[in-house]
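Okay, here's what each chain looks like letter by letter:
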Amino acid sequence: MPELPEVETTRRGIAPHVEGREIVEAIIRQPRLRVPVPDDLIERLVGSRIGTLTRRAKYLLVPFEGGSEGSLIWHLGMSGSLRIARLGDLPKKHDHIDLVFDDGAILRYHDPRRFGFVDWLAASAELDPRLSNLGPEPLSDAFDGERLYRLSRGRRMAVKPFLMNNAVVVGVGNIYASEALFLAGIDPRRAAGRISRERYEHLAAAIREVLAAAINQGGTTLRDFVSGTGEPGYFKQQLNVYGRHGQGCRRCHGELRLVTLGQRASVFCPACQK
């Protein structure tokens, strides 16, 4: 957390406030993030103008025009958020980075656990090793059930950690893998290689449905996440299984079960998911 829908919600929320704006000041209060903030980042950013924001998997990419040619790669980690503030809005504890724009808006990075990072990419983003080996975006035409079926052949690992492999498809984290498997009626413990092509077609559709719904609801706020405008995500109210172990299934009313797969908690309905 945050996962793909939360990062996409962030991108959509901050883009209208920062695209085309010039950075007049950069303030780094805490450089010791998961990846240390580059020593020359302030020098690179001040005087540069932000281009069109994009997202790749859970990474936010912020390109620059004029001044330093390149882009920022931003990862929100476990507890990070980017939101818009204004001059006069005093920083709070764990507000580590401010980018101040020529119209007085501030892009403020908040990260209590400091598991996120911001780094500078001088070359093309596609060449960065963090991005170059990623699978397709789940909401793109490059992702479908046929891909899941083909890559799963011969695999004994459980289908849930298979889905969470970024080389297979990006951005299907713990929350949304659990929810998609429930919608598709697939037991998360099933061996990936023993699921039929037809069931993978249903699963791919379920992944797209769950992620699109989560984005429309502004993501899922469990603890810290807020959007670029400071709003929590409301998809939590629509969760069918994640975080609901011991409660009744919304479909059959049977008790939801908790197991551990790939060192991650997985909740499912034994009656509805086979």
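Residues numbered from 1 in each chain as written. Predicted model: local features only at pLDDT ≥ 70, side-chain atom pairs only at ≥ 80, totals over all residues. Heavy atoms only, no water.

Participant: Explain the overall build of the protein chain here, please?
Facilitator: Summing up its helical and strand segments, the protein chain has seven helices and 11 strands in all. Relative to its length of 274 residues, the protein chain is compact, with a C-alpha radius of gyration of 20 Å against a globular reference of 19 Å. The principal-axis extent of the C-alpha atoms belonging to the protein chain is close to 60 × 35 × 30 Å. Of the roughly 12400 Å² of accessible surface on the protein chain, a fraction of 48% belongs to carbon and sulfur atoms. (Helix = DSSP H or I, 4+ residues; strand = E, 2+ residues; numbered from the N terminus. Rg over C-alpha atoms; globule rule 2.2 N^0.38 Å. Areas by Shrake-Rupley, 256 points an atom, 1.4 Å probe, with all protein chains shown as cover.)

Participant: Where do I start with unusual backbone geometry in this structure?
Facilitator: Excluding glycine, residues mostly have negative phi values, and the peptide bonds linking residues are mostly trans. Backbone geometry at Ala57 places phi at a positive 55°, although glycine is not the residue there. Relative to the helices and strands, Ala57 resides in the loop between strand 3 (54-56) and strand 4 (59-65). A relative accessible area of 3% places Ala57 in the buried class. (Buried < 20%, exposed > 50% of the residue type's maximum accessible area, 1.4 Å probe, protein only.)

Participant: Looking at this structure, how should I read helix 1 (residues 4-18)?
Facilitator: Counting along an α-helix, one turn takes 3.6 residues, and residues three or four places apart therefore face a common direction. Along its 15 residues, helix 1 runs 20 Å from first to last C-alpha, staying within 8% of the 21 Å computed at 1.5 Å per residue. Within helix 1, 11 of the 15 residues are buried, which leaves the element mostly enclosed by the surrounding structure. Regarding helix 1, the residues found buried are Leu4, Pro5, Glu6, Val7, Glu8, Thr9, Thr10, Gly13, Ile14, Ala15 and Val18. (Expected span 1.5 Å × (residues − 1).)

Participant: Is there a simple way to explain the pattern of salt bridges in this structure?
Facilitator: Once the charged atoms of two side chains with opposite charge are near each other, the side chains can pair. Scanning the entire structure with this criterion turns up 17 salt bridges. Residue Arg108 pairs with Asp98 through a salt bridge whose shortest N-O separation is 2.8 Å. Taken together, the residues span a long stretch of sequence, with Arg108 in strand 8 (residues 105-110) and Asp98 in strand 7 (residues 95-101) at a distance of 10 residues. Three or more residues are tied together by salt bridges with common partners; here these are Glu8, Arg11, Arg12, Arg55, Arg56 and Glu137. (Salt bridge = Lys/Arg side-chain N within 4 Å of Asp/Glu carboxyl O.)

Participant: Sorry if this is basic, but what is going on with the environment of Gly218 here?
Facilitator: As for its position among the elements, Gly218 is in the loop between helix 7 (197-216) and strand 10 (257-261). Taking the C-alpha atoms as reference, Gly218 lies 20 Å from Val62; in sequence the two are 156 residues apart.

Participant: Is there a simple way to explain the pairing of strand 9 (residues 117-121) in this structure?
Facilitator: Two faces make up the sheet, and in a regular strand the side chains alternate between them. In terms of residue burial, strand 9 counts as a mostly covered element, since five of its five residues are buried. The alternating pattern of strand 9 places Phe117, Asp119 and Leu121 and Val118 and Trp120 on opposite faces, both of which are buried. Bridge analysis of strand 5 (residues 70-75) against strand 9 gives five bridges, and the strand direction is antiparallel. Pairing of Leu72 across the sheet is with Trp120, part of strand 9. (Pairing = 2+ DSSP bridges.)

Participant: Help me understand the confidence of the model for the protein chain, please; the structure alone is not making it clear to me.
Facilitator: Parts of the model with low pLDDT should not have their predicted coordinates read in detail. Averaged over all residues, the pLDDT of the protein chain is 91; the fraction at 70 or higher stands at 92%. The model gives residues 221-228 a pLDDT under 50, and that stretch makes 30 contacts with residues more than four places away or in other chains. (pLDDT = per-residue confidence, 0-100. Contact = heavy atoms within 4.5 Å.)

Participant: Whenever I open this one, the environment of Arg32 confuses me. Can you help?
Facilitator: Following the sequence through the fold, Arg32 ends up in the loop between strand 1 (23-28) and helix 2 (41-45). In sequence terms Arg32 and Ala204 are 172 residues apart; their C-alpha atoms lie 39 Å from each other.

Participant: Honestly, the pairing of strand 10 in this entry has me stumped. Any pointers?
Facilitator: Sheet topology note: the strand 10/strand 11 (residues 264-268) ladder contains five bridges and is antiparallel. Along strand 11, the bridge assignment pairs Val259 with Ser266. Linking strand 10 to strand 11, which pair antiparallel, is a turn of two residues; within it Gly262 sits at a positive phi near 60°.

Participant: Looking at this structure, I do not really get the packing of aromatic side chains. What am I missing?
Facilitator: The description of two aromatic rings rests on the distance between their centres and on the angle between their planes. For the structure on display, the rule yields four aromatic pairs. In this structure, Arg251 packs its charged tip against the face of Phe182, placed 4.4 Å from the ring centre. (Phe/Tyr/Trp six-rings, centres within 6.5 Å; stacked < 30°, edge-to-face > 60°. Lys NZ or Arg CZ within 6 Å of the ring centre and 35° of its normal.)

Participant: Whenever I open this one, the sheet that holds strand 8 confuses me. Can you help?
Facilitator: The strands making up a sheet associate through backbone hydrogen bonding, with each pair oriented either parallel or antiparallel. Taken together, the four strands give an open sheet; going across it, the order is 1-7-8-6, and neighbouring strands pair in antiparallel fashion. Of all strands in the sheet, those bounded by a partner on one side alone are strand 1 and strand 6 (81-86). If you compare each strand with its neighbour and ignore which way they point, the axes differ by 20° on average. Across five bridges, strand 7 lies against strand 8 in antiparallel orientation. Bridge assignment links Asp98 to a residue of strand 8, and that residue is Arg108. (Axes fitted to C-alpha atoms, helices over the stretch in contact; angles between N-to-C directions.)

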